[in-house]
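# Fold and contact review
Take a look at the letters that make up each chain.
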Amino acid sequence: MMMDNTIKDLVAAYGHELVENRRYLHAHPELSFQEKHTAQWIRSRLKKAGITLLEGISGNSTVGCLKGNKPGPAIGLRADIDALGLIENNDLPYKSTVPGVMHACGHDAHTAILMAAAEILAKHPELIAGTVYFIFEQAEEFLPGGAVQLVKDGIMDKIDYIFAIHVNAESPIGTLDVHGGTRFAAVGTYDFKITGKGGHGGFPHTANNPLIPASELITAIHLIPAMKCDPLTSSTVSVSYLHCGVEGVANVIPEKVSMGGCVRVLDTKVRESIMKEIDRLGRAICAAHNCAVEVTLVYGYPACIVDEKCAAVMAEAARELGINVLDVPPNLGAEDFAYFSQEKPAAIAWFGLADPTGTHAPTPHHNPAFYLADEAGLPLALEYVLTVYKKALQRLTTP
Ligand SMILES: [Zn+2]
Ligand SMILES: [Zn+2]
């Protein structure tokens, strides 16, 4: 068994390269499904470290694999690699060099941390038992997400347990949010294209205004969680866009309306019934007003379920490093890590990386001023990921 101070020493020896790698990735962000250069960077470094790349992995995702000399479980460690369509509003030497694209969710940090963990374990096979898979996932931010394809590519057939961290720019360094059970929402979107009949405002009886069913739908859809769902389940439905007519043109009844929004629920089964009700209401209300409607429903990520045993491993690893484990309730955000969690025991934790100096106020994710205290926090995050791996080998058996 490795000594507890070994991981700290290995992280110290890896040095500033961790922060440099994160900053390099931050300066060169790529949108979901377009992470070509990021994937090249990942693959060439893994190969250089002597890590086998799995064949048959689609798109810009990459899976590296290392086997230890001792028997043990197959453990997956996952990082997502994509950036977002945002203009960075930070004055930093490593600010995004790509107009309109920014790592504003910290996936640059995830990639750098997992790469460092892979390079360290490649040099220290004595720390590995069984097999460890380093999963660099494309397109977490954009439906259908990268995880579902990795599952189709068969990686979860090889893996017994899977872990991930997500950095948290709003929570201080030294805090971690992990718990078992349902963690994030199942999501869905809907879109209505409603067609009535355009005409003159003075002669409404010769026209058929599609805004009438659209406005009724806004109320009807918002009532679904209140009236059609068990009040003890958590669900929300939003109407997010409504487009019709020409701004300022008051005497024209429009012909078409497009409207849509999203559904978020903690129980994946409830999503199905809400989506069906949206579909039913869309068709019924438009029919009542003699308007045609095209309904498009998209089922996004399922709910993310964190395994209790894996969550306990992540919490124990945190306590060993003096990290404060917070008990944060589940929320209606979404994570495509959910697809892995449907296949095998899985856990994801949120790792605090807010600026301890207060120079950068904590910012929400997906914000143009998103900021991570990388220098202060990344070494601890790396130490944490390696400690999770160590604890997983101690606590989890080969199924
Ligand atoms: Zn995000
Ligand atoms: Zn993210």
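An unreviewed UniProt entry lists the chain under the name Amidohydrolase, with Megasphaera vaginalis as the source organism.

Once that is clear, we can look at the nonpolar core. Within the largest apolar cluster, 117 residues are counted, with the highest numbers of intra-cluster contacts made by I113, M314, A347 and V385. By residue number, the principal contributor to this core is helix α11 (residues 374-395), which donates 10 residues. The two domains that each donate at least three residues to this core are domain 1 (3-184 + 303-395) and domain 2 (186-300). Sequence-distant contacts of I113, that is, excluding residues within four places in its chain, are made with A79, L378, A381, L382 and V385.

Let us look at the environment of A122. Here A122 is to be found in helix α4 (residues 107-123). Discounting residues that sit within four places of it in the chain, A122 has contacts with A49, G50, I51 and L66.

The UniProt feature table records "domain: Peptidase M20 dimerisation" (unreviewed entry) at residues 189-281. Taken as a whole, residues 189-281 contains 34% helix and 33% strand, while its terminal C-alpha atoms sit 15 Å from one another.

Let us now look at the sheet that holds strand β12 (residues 256-265). Read from one edge of the open sheet, 4 strands run β10-β12-β8-β13, paired in antiparallel fashion. Sheet topology places β10 (235-244) and β13 (292-299) at the edges, where each strand pairs with a single neighbour. On average, adjacent strands in this sheet sit at an angle of 15 degrees to one another, irrespective of strand direction. Sheet strands touched by helix α7 (residues 211-228): β8 (186-195), β10 and β12. Its angle to β10, the strand with the most contacts, is close to 165 degrees. Those strands touched by helix α8 (residues 268-288) are β8, β10, β12 and β13, and its axis lies near 170 degrees from that of β13.

Here we have 8 strands laid out as an open sheet, ordered β1-β2-β4-β3-β5-β16-β6-β15, and mixed in their pairing. With one partner strand each, in any of the chains shown, β1 (52-53) and β15 (324-326) form the two edges of the open sheet. Looking at chain direction, strand β3 (residues 70-80) and strand β5 (residues 161-172) are connected through 4 bridges and run parallel. Residue pairing across strands places R78 opposite A164, the latter belonging to β5.

Moving on, we come to the packing of helix α9 (residues 308-320) against α11. Two elements in contact, α9 and α11, have axes separated by 8 Å at closest approach and are oriented at 125 degrees. Regarding the angle of α9 to α11, the classification is oblique. The handedness of the crossing between α9 and α11 is right-handed. On α11, the residues touching V313, M314, E316, A317, A318 and E320 of α9 are Y384, T387, V388, K391, A392 and R395. Tallied by class, the residues present in the contact of α9 with α11 amount to 7 nonpolar, 1 polar and 4 charged.

Time to look at the UniProt feature "binding site: Mn(2+)" (unreviewed entry) in the chain. According to UniProt, the positions carrying the feature "binding site: Mn(2+)" (unreviewed entry) are C105, H107, E141, H166 and H366. Spatially, the listed residues are clustered: although they cover 262 residues, their C-alpha atoms lie within 13.5 Å of one another. Within the element layout of this structure, E141 appears in the loop between β4 (129-137) and α5 (147-152). Residue E141 is classed as buried on the basis of its C-beta count, with 20 C-beta atoms lying within 10 Å. Contact partners of E141, with chain neighbours within four places excluded, come to S32, D82, L84 and C105. One can find H366 in the loop between β16 (346-354) and α11. Looking at H366, the number of C-beta atoms within 10 Å reads 13, which means it is partly exposed.

Time to look at the domain arrangement of the chain. We note that the domain assignment places domain 1 (3-184 + 303-395) and domain 2 (186-300) within the chain. Taking the mean C-alpha position of each, domain 1 and domain 2 sit 38 Å from one another. The partner domain 2 presents 10 residues to the 6 residues of domain 1 that form the contact.

Thresholds applied
Residues numbered from 1 in each chain as written. Chains lettered and ligands numbered in written order. Predicted model: local features only at pLDDT ≥ 70, side-chain atom pairs only at ≥ 80, totals over all residues. Core = buried A, V, L, I, M, F, W, Y, C linked by C-beta atoms within 7 Å. Buried ≥ 20, exposed ≤ 12 C-beta atoms within 10 Å, placed from the backbone. Helix = DSSP H or I, 4+ residues; strand = E, 2+ residues; numbered from the N terminus. Domains from an automatic or database assignment. Contact = placed C-beta atoms within 7 Å. UniProt positions renumbered as here; feature names shortened; annotations may be inferred. Pairing = 2+ DSSP bridges. Axes fitted to C-alpha atoms, helices over the stretch in contact; angles between N-to-C directions. Parallel < 35°, antiparallel > 145°, perpendicular 65-115°, else oblique. Left-handed = near helix turned anticlockwise from the far one by under 90°. Nonpolar A, V, L, I, M, F, W, Y, C, P; charged D, E, K, R; others polar.

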